[in-house]
Amino acid sequence: MLLIIIFHAYYLNLKTLTNQVCPSDICICHGSSHQCRCYFNQAPYCDGYQPNQTCLINPGCIGCDDNSSCLGCISQKQFVDLSENCVDCPEHCQTCTSGSNCQSCVTNYYYLDQGDCIQCEFPCLLCNSQQNCVTCISEQFYLISGICKKCDPPCFTCLNQSQCLTCEDNSFYIEQFQCIQCQIPCSTCQNQEFCLSCISEDYQLINGQCIKQCSLNCLSCKNALYCIICEDGYYLNETYSCVKCQDSCENCLSQDKCTSCQIQYYIKDYDCLQCQLPCLTCLDEQKCTSCVDGYYLFNETCNKCPLNCLKCDQFRCYQCEQQIQLFNEGCIDCKNPMNKYINICNYQDCQDRIWTYGEICDNGNTYGCFNCTIQKGYYCINIFGQPSQCLRCSGNCIECFTDKICRTCRDGYFLNLNNQCQQCNLECQTCIYHPNNCLSCKINNLNYQQCDLCENNLGYYTDFQNNLCFSKCGDSIITAVEQCDDGNEINGDGCSSICQIEDGYYCTNGHCDTLIQGDIQASYQEDNHQSPSKQFIIQFKNHILNSDSEIVPIIKLQNCQINQSLIIVKQNITQIDNLQHRIMEINIQFLNSCKKDKMEVTIVQKSKNKSKKNIILSFITFQIFDVLLIDEWKEVFNEILISFNQTLFYIFGFICLVTFLTGTIEVVYNAVDLIQMFSFLKYINVNLPYNLQQYFNLFKFAQLQYFQNFTQQIALQFLSPKELEQYNFLPVKIKKDGYYSYCLLNYPFLIILIVFAIFLYPFAKLCLAFVQKLYIGIKEDDDDPILLKIKLILLHMKLYIQSSCHYVLNKLYFSGFISAHMILTYDILFFSFLNLFDIKLLFTTKNNFFIAINLYLAIFLNILHFSLLFVYYSMLAKHTNLLKQKSYIRKCGSLFDGLKIGTTSCTHFYKLFTTIKRTIFMLLVTFCSSFPYCQSLSISFLSFIQVIYLFNYKPIISTVEYRKQLISECCVLLLSLFITLIILMHDTHQDMLFYEDILGWCSIILMSLLLLYQIILDIKQQFILCQKKFILFQKIIQALQTKLSKAIENFGSNQCHVQSNVVLFY
């Protein structure tokens, strides 16, 4: 270490060296005299100063002065002799000034005034004189009056004569520094209450207690009633039990015969008699064998010790009473002020202004000495029996012998050859021998291995008060402790007032800018709710980063549990000019079902150097959709219900086909209306349970959207993909199903139906003209019955086609149009209402024909619909007699067909009422998506009103149709209430997910049963109608055959001479 220190001093002197070249690599040019100083292995040694001289090795010298004199030795166990060489101190010396003068001794030795180190006598470890020990060699000895004495048994180690630390063995235990023997029957113990082992096998150790298996006080026995040997102090009687001896007896044969006595007793004729004081033990009343404290035994007699002596013999006292010191074989009371001058007492009274041997100083606690201790910066002159004279050391000296001889200097100063404190160089914290010979630096500079001021490093300044380097924020110089420096101390400009990069900024060359440029785009892929894996996409632009940092997202969710180890972040980075376009795909694995949770994404700039903190760039909050992890049994059960309903739809489709062919399509009107309404219920703005959502997807076919991809391609001819999404302002759930706010994109199937209806009228005209020109000839001589039947069937078909064409021409374009309008109300209003979301585009977008025509078409359809409602009302408001006329029924009978007329003014308005209800229903579904409670409760209210209307007025003639309508509306009312409960549960805690599932199952079962009920009734009605039409058909055929036979007979009688006759029917 000293070599390194000297090497530091060597570097500090380099600033004053000249360009003189020294003759060897261990010589350093020094001073203005162009002289050489010699160094060897970075430690200087002394020779001359002439440039041509070589360096002579002088091992051990720490440095030389200008006179080539050794300043000191590297080793503290060496001293500089008269030849300027470093030689070893005498044996046993720790430090010395010469071969005959030790300054300090090694351990086990003491310091004598003559400068010799002599070993202390055993068992002393340290001593200050031959007769006075300071410390003992181990704790088996204790110090008393400067003498190390062995601990008295049973103590093994002790603090003093009366306080034990450990005992000789485990048959004793420590209690209040006393070794106390374990109580019988314990052999070894932890304390008086807890035994570790017992004295014999007759005892059993149970929970720290020695439980005797023999009878009480019996040491050995054959059994619990037969004792063989008794404990001390007991004897064995005739019944082989132990009886206590007399108190004075230690052992006895009987109650009257003692064999040994207790202490302070002696035996005589089997009787124990008490010894006479001061005998402790005796042979008889005249002969003592030991004495009590304060007496010694001589010639079987106890004699008193000298005053204050506790233990002695006839020659000397070797133990005094407590707080009495042994001195010159006598006992001295050190508390007596008369004895305070005796060295052995080490008397101390720091306020009596009298210095004694037990004090370092004593001037009555005035300056320089406090509580008999010399204060720093002072030295004291002590004269025995007089006050200490304490004086200040010379300046910058903290310990001194006199004002001229300093012992220790304060930091920043060193002890020179005159034993005075001299200041070190400014950069040194401590130094030795020379001001530039630093032992420690004020400012540590590990890069240069030397003491330097902070100003040598650009941007740093020296704090001399705290000995620290500091940098100034705002000086436009970036240091290691600064992340940036823009020349000011203003917060909010990217570089803070403490020169740290503020969150979200990027700084380079003193200029700061936001790291992320522009807005951050975030999206959430929520297609599959039941999948545990979800994907989030974040897009933004940022400045190009350094290679030692990267941008990463930190993800946190409030309620949902995620697997942090399975979070996958994929980044797609493309560079555009000086910016990076970054797309982050974040895939998260969820561990539980949760709803309405928020995901917090913190985008940070992470340094690859772990010692640097992360910089927050932006903070994004996602309102994620519900995460539903579906159990396998729920999936199976849901698939069963969906399969069942699909079967019902196939059956219903077959029924619709049959009704269309048989002309009884009105039978399925109610079921069609119900299915259409179910298909739009899913647009109530609530996250439905997974089972109910999957079930509602079955009804999508009822929305007549069969050309979605085709219509989208058409739209792309007029709008760019960006505009197509940008101008789509629909509610999320509707947009998710692929709808656009453009009528022409949503109406392709309806347009086909309208076109079909337009061309149906001229087709019926042409068909009627063609059929009327078609003649079917039946000859008189047609004897073939099969040919005759075929002609009759063709004749019937002709009549059927004629009646159908008349039906289309006379009724379909009035009453049929009304029926079609009522059936298609849901779809027409849904698509036209969706286009109204873009009404503001009429005023914001120009020169876009496609947008304009869609909006105008939607407005026209809405005006047309509400106008038709008014027209329907006007038609129904006519007098009931008019409503019963055939011409009026043929024209607008669809408005009141199957309803009661004349009973009350409300009954024949029922179909108009249901149409208005459909209109309100679609208004709620499309325009009230922000108010789910309003949607569900309003639909419930509409169904409730219709149930009351049906129940009170019973407007439907057919009982079957009435029941179908009433039960359907009751089920819709119940279903809407279920959805309201789901909305309520969704706004509460996620523990409601189980109950939401239950409501979902209930809703599915309710709708499935309702559809099954409707289909069964429709099949029954269709069967009855087909049966009636079949009977009617048979009657028509029979009537035709009868008329044909009569006509042939009449014609034959009148034309008997004609060879062949033909009857024509048209």
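Every value quoted in this text rests on a predicted model; they were computed, and no experiment measured them.

K.L.:
Quick rundown of the nonpolar core? Include the residues and the values.
P.N.:
Counting residues in each nonpolar core, the largest one holds 56 residues, and the members touching the most others are Phe678, Phe699, Phe830 and Phe921. Secondary-structure elements contributing two or more residues to this core are helix H2 (632-662), helix H3 (669-681), helix H4 (690-696), helix H11 (825-835), helix H16 (910-927), helix H17 (932-953), helix H18 (959-986) and helix H19 (993-1054). Not counting residues within four places of it along the chain, the set of residues in contact with Phe699 comprises Phe649, Ile675, Phe678, Ser679 and Leu1011. With 35 residues, the next largest nonpolar core counts Cys473, Cys507, Leu545 and Leu557 among its residues.

K.L.:
An account of the state of the cysteines is requested, with residue identities and associated values reported.
P.N.:
In a disulfide, the sulfur atoms of two cysteines are held together by a covalent bond. Inspection of every chain in the model, using the stated rule, returns 35 disulfides. Here Cys261 connects covalently by a disulfide to Cys272, the sulfurs 2.0 Å from one another. Measuring the twist about the S-S bond at about -95°, one finds the Cys261-Cys272 disulfide to be left-handed. In this pair, Cys261 is assigned in strand S29 (residues 258-261) and Cys272 in strand S31 (residues 271-274), connecting sequence segments 11 residues apart.

K.L.:
Give me the lowdown on the pairing of strand S52 (residues 505-508), citing residues and values where you can.
P.N.:
Pairing of S52 with strand S53 (residues 511-514), which is carried by four bridges, proceeds in the antiparallel orientation. Within S53, the residue paired with Tyr506 across the bridge is Asp513. Between the antiparallel neighbours S52 and S53 lie two residues, among them Asn509 with a positive phi of about 55°.

K.L.:
Describe the environment of Asp1018, with residues and values.
P.N.:
By the secondary structure assignment, Asp1018 is in helix H19. Under the relative-accessibility criterion, Asp1018 is labelled buried at 0%.

K.L.:
An account of the packing of H11 against helix H13 (residues 849-876) is requested, with residue identities and associated values reported.
P.N.:
In the contact formed by H11 and H13, the axes pass within 8 Å of each other and the chain directions differ by 135°. Taken together, the axis directions place H11 and H13 in an arrangement best described as oblique. Relative to H13, H11 is oriented so that their crossing is left-handed. Contacts from Thr825, Leu829, Ser832, Phe833 and Asn835 of H11 reach H13 at Asn854, Leu855, Ala858, Leu861, Asn862 and His865. Classifying every residue of the contact of H11 with H13 gives five nonpolar, six polar and no charged.

K.L.:
Describe the packing of aromatic side chains, with residues and values.
P.N.:
By the definition in use, this model includes 17 aromatic pairs. On the basis of an interplanar angle of 20° and a centroid distance of 4.2 Å, the ring pair of Tyr226 and Tyr240 is categorised as stacked. Residue Tyr226 is located in strand S25 (residues 226-230), and its partner Tyr240 is located in the loop between strand S26 (234-236) and strand S27 (242-244); the two are separated by 14 residues in the primary sequence. For Tyr226, a relative accessible area of 28% puts it in the partly exposed group. Each ring, one from Tyr826 and one from Phe921, has its centre 5.7 Å from the other, and the planes form 85°; the classification is edge-to-face. One end of the pair, Tyr826, is in helix H11; the other, Phe921, is in helix H16, with 95 residues separating them in the sequence.

K.L.:
Summarise unusual backbone geometry; cite the residues concerned and give the values.
P.N.:
Omega for the peptide link from Pro153 to Pro154 comes to 5°, which places this bond in the cis form. Cis geometry marks the peptide bond from Leu277 to Pro278, where omega comes out at 10°. In this structure, Pro278 sits in the loop between S31 and strand S32 (279-282). Notably, Gln264 is not glycine yet its phi reads approximately 70°, a positive angle.

K.L.:
Just give me the short version of the environment of Gln965, but keep the residues and values in it.
P.N.:
With respect to the secondary-structure elements, Gln965 resides in helix H18. When the C-alpha atoms of Gln965 and Asn670 are compared, they prove to be 7.2 Å apart, with 295 residues separating the residues in sequence.

K.L.:
How would you explain the UniProt feature "transmembrane region" (unreviewed entry) in the protein if you had to name every residue and give the values?
P.N.:
In the numbering adopted here, UniProt assigns the feature "transmembrane region" (unreviewed entry) to residues 650-672, 739-764, 812-837, 849-873, 920-945, 966-986 and 998-1019. Counting secondary structure, residues 920-945 comes out at 85% helix and 0% strand; the distance between its end C-alpha atoms is 13 Å. Between the C-alpha atoms that bound residues 966-986 there is a distance of 30 Å. The span itself is 100% helix and 0% strand.

K.L.:
So, the sheet that holds strand S59 (residues 598-607): which residues are in play, and what are the values?
P.N.:
Spatially, three strands are ordered S56-S59-S60 in an open sheet, and the strand pairing comes out antiparallel. Strand pairing shows two members of the sheet lacking a second neighbour, strand S56 (549-557) and strand S60 (615-623), which therefore form its edges. Ignoring which end each strand starts from, the neighbouring axes of this sheet average 20° apart. Note that S56 and S59 share nine bridges and pair antiparallel. Note that in S59 the partner of Leu557 across the bridge is Met599.

K.L.:
Could you give an account of a nonpolar patch on the surface, with specific residues and numbers?
P.N.:
On the surface, a cluster of nonpolar side chains totalling about 470 Å² of accessible area is made up of Ile786, Ile790, Ile793, Leu794 and Met797. Counting through the fold element by element, Ile790 comes out in helix H10 (residues 785-823).

K.L.:
Can you explain the packing of H17 against H18? Please cite residues and give values.
P.N.:
Closest axis-to-axis distance for the H17/H18 pair is 9 Å, and the angle between their directions is 160°. Considered as vectors, H17 and H18 are oriented roughly antiparallel to each other. For the element pair H17 and H18, the recorded crossing hand is left-handed. The residue makeup of the contact of H17 with H18, split by class, is 17 nonpolar, seven polar and one charged.

K.L.:
Describe empty space enclosed by the protein, with residues and values.
P.N.:
Within the structure shown, the criterion is met by five cavities of 30 Å³ or more. Considering only enclosed or pocket space, the largest cavity measures out at about 70 Å³ in volume. Lining the largest cavity are Tyr142, Ile144, Ser145, Lys149, Gln161, Tyr318, Gln319, Cys320, Glu321, Ile324 and Leu326. Listed by contribution, the elements that provide at least two residues to the lining of the largest cavity are strand S14 (141-144) and strand S37 (317-320). With three residues, the top contributor of residues to the lining of the largest cavity is S37. Split by residue class, the lining of the largest cavity holds six nonpolar, three polar and two charged.

K.L.:
Tell me what's going on with the UniProt feature "domain: EGF-like" (unreviewed entry) in the protein, and back it up with residues and numbers.
P.N.:
As recorded in UniProt, the sites labelled "domain: EGF-like" (unreviewed entry) are residues 88-118, 181-211, 213-243, 274-303 and 392-422. Secondary structure across residues 181-211 comprises 0% helix and 61% strand; the distance between its end C-alpha atoms is 19 Å. Summarising residues 392-422: 0% helix, 45% strand, and an end-to-end C-alpha distance of 17 Å.

K.L.:
Can you tell me about the layout of surface pockets, naming the residues and giving the values?
P.N.:
As a volume, the second largest pocket reaches approximately 1200 Å³. Lining the second largest pocket are 32 residues, and of these Gln103, Leu415, Asn419, Ile432 and Tyr433 lie nearest its centre. Only strand S5 (70-73), strand S6 (78-80), strand S8 (93-98), strand S45 (406-409), strand S46 (413-415) and strand S48 (428-431) provide two or more residues apiece to the lining of the second largest pocket.

K.L.:
Tell me what's going on with the confidence of the model for the protein, and back it up with residues and numbers.
P.N.:
Confidence in the prediction of the protein, expressed as mean pLDDT, is 77, and 78% of residues score 70 or more. Below a pLDDT of 50 lies the segment residues 1054-1066, which in the model reaches 22 contacts outside its immediate sequence neighbourhood of four places, other chains included.

K.L.:
Explain the pattern of salt bridges to me, and be specific about the residues and the numbers.
P.N.:
Scanning all chains against the criterion turns up four salt bridges. Residue Glu969 is joined to Lys917 by a salt bridge in which the shortest nitrogen-to-oxygen separation is 2.7 Å. Of this pair, Glu969 sits in helix H18 while Lys917 sits in helix H16, and the two are 52 residues apart along the sequence. Look at Glu969 and you get buried, because its relative accessible area is 7%.

K.L.:
Before we move on, could you go through the pairing of S14 and cite the residues and values that matter?
P.N.:
Of the strand pairs in this sheet, S14 and strand S15 (residues 147-150) are connected by four bridges, and their pairing is antiparallel. Bridging from a neighbouring strand, Tyr142 pairs with Lys149 of S15.

K.L.:
Explain the side chain of Ser618 residue by residue, including any values.
P.N.:
With respect to the helices and strands, the residue Ser618 is situated in strand S60. The exposure class assigned to Ser618 is buried, which follows from its relative accessible area of 18%.

K.L.:
I'd like a description of the environment of Gln192, backed by residues and values.
P.N.:
You can see Gln192 is positioned in the loop between strand S20 (186-191) and strand S21 (194-198). On a C-alpha basis, the gap between Gln192 and Glu175 in space is 9.2 Å, while along the polypeptide they are 17 residues apart. Non-local contacts of Gln192, meaning those with residues more than four positions away in its chain, are made with Tyr173 and Gln183.

Reading guide: rules and limits
Residues numbered from 1 in each chain as written. Predicted model: local features only at pLDDT ≥ 70, side-chain atom pairs only at ≥ 80, totals over all residues. Heavy atoms only, no water. Core = buried A, V, L, I, M, F, W, Y, C linked by side-chain atoms within 4.5 Å. Buried < 20%, exposed > 50% of the residue type's maximum accessible area, 1.4 Å probe, protein only. Helix = DSSP H or I, 4+ residues; strand = E, 2+ residues; numbered from the N terminus. Contact = heavy atoms within 4.5 Å. Disulfide = S-S within 2.5 Å. Pairing = 2+ DSSP bridges. Axes fitted to C-alpha atoms, helices over the stretch in contact; angles between N-to-C directions. Parallel < 35°, antiparallel > 145°, perpendicular 65-115°, else oblique. Left-handed = near helix turned anticlockwise from the far one by under 90°. Nonpolar A, V, L, I, M, F, W, Y, C, P; charged D, E, K, R; others polar. Phe/Tyr/Trp six-rings, centres within 6.5 Å; stacked < 30°, edge-to-face > 60°. UniProt positions renumbered as here; feature names shortened; annotations may be inferred. Patch = residues over 30% accessible without salt bridge, like charges linked within 9 Å, V, L, I, M, F, W, Y side chains within 5 Å. Areas by Shrake-Rupley, 256 points an atom, 1.4 Å probe, with all protein chains shown as cover. Salt bridge = Lys/Arg side-chain N within 4 Å of Asp/Glu carboxyl O. 1 Å grid on protein atoms, 1.4 Å probe; cavity = no way out; pocket = protein on both sides within 12 Å on 5 of 7 lines; lining within 4 Å. Points joined across faces, edges and corners; volume = space filled by probe spheres on them. pLDDT = per-residue confidence, 0-100.

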